[in-house]
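In case you want the letters, here they are:
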Amino acid sequence: FYFFYAERTPQKKGLDIFETRVARSKNLLAWEYSSKPVLTPSSDEKNCNSDIAFLDLGSAVLIYYANADQVNFSELKQAIFTGTYKQFLEGFFN
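Rules behind the numbers
Residues numbered from 1 in each chain as written. Predicted model: local features only at pLDDT ≥ 70, side-chain atom pairs only at ≥ 80, totals over all residues. Heavy atoms only, no water. pLDDT = per-residue confidence, 0-100. Helix = DSSP H or I, 4+ residues; strand = E, 2+ residues; numbered from the N terminus. Polar contact = N/O pair within 3.5 Å; in protein donor to acceptor, adjacent residues only side chain to side chain. Core = buried A, V, L, I, M, F, W, Y, C linked by side-chain atoms within 4.5 Å. Buried < 20%, exposed > 50% of the residue type's maximum accessible area, 1.4 Å probe, protein only. Contact = heavy atoms within 4.5 Å. Salt bridge = Lys/Arg side-chain N within 4 Å of Asp/Glu carboxyl O.

(A) Structural context of the confidence of the model for the protein. Averaged over every residue, the pLDDT of the protein is 94; the share at 70 or more is 100%. Within the protein, strand 3 (residues 32-33) carries the highest mean pLDDT (98), whereas strand 1 (residues 2-9) carries the lowest (94).

The following block contains the structure:
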């Protein structure tokens, strides 16, 4: 079981950012948290990347997410991972 969640990351200057992160569990009791963020806002985006959704195409994964400022603005964005959905998920734990 994989769980994606938004986590606030304090910044030294400017607004804090919200990154999408991932955790996994085999039994829903014990969880392993990835040290790698799934989505981090780039310098030309607003401060929050969240509300992630996936479309598994077999040899690629389409990733849809909202980029927002937590107050007034939100837009839907898309990213592409080349590889399988399994490779995408396991890559956060290597």
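The structure having been displayed, the exposition proceeds.
(B) Local environment of the environment of tyrosine 33. Structurally, the position occupied by tyrosine 33 is in strand 3. Each C-alpha atom of the pair tyrosine 33 and cysteine 48 lies 20 Å from the other, and the pair is 15 residues apart in sequence.

(C) View of the environment of glutamate 19. Summarising the element assignment, glutamate 19 is placed in strand 2 (residues 17-24). With 21 residues separating them along the chain, glutamate 19 and threonine 40 place their C-alpha atoms 4.9 Å apart. At 3.1 Å, the side chain of glutamate 19 and the side chain of arginine 21 are in polar contact. Within polar-contact distance, the side chain of glutamate 19 engages the side chain of threonine 40 at 2.8 Å.

(D) Summary view of the nonpolar core. Counting 12 residues, the largest nonpolar core consists of Phe4, Val22, Val38, Leu39, Ile52, Val61, Ile63, Tyr65, Phe88, Leu89, Phe92 and Phe93. When residues of this core are traced back to their parent elements, those giving at least two are strand 5 (60-68) and helix 1 (85-90). Sequence-distant contacts of valine 22, that is, excluding residues within four places in its chain, are made with Tyr2, Phe3, Phe4, Tyr5, Glu32, Tyr33, Ser34, Val38, Phe92 and Phe93.

(E) Quick look at the pattern of salt bridges. Per the stated rule, a full pass over the model turns up six salt bridges. One salt bridge connects aspartate 16 with arginine 8, and the closest N-O pair in it is separated by 2.9 Å. For arginine 8, a relative accessible area of 55% puts it in the exposed group. Between glutamate 45 and lysine 77 there is a salt bridge; the shortest N-O distance is 3.2 Å. Taken together, the positions of glutamate 45 in the loop between strand 3 and strand 4 (48-56) and lysine 77 in strand 6 (residues 74-82) put the pair 32 residues apart, joining distant regions of the chain. Using a relative accessible area of 16% as the deciding quantity, one classes glutamate 45 as buried. Via salt bridges that share partners, Glu7, Glu19 and Arg21 belong to a single interconnected network.

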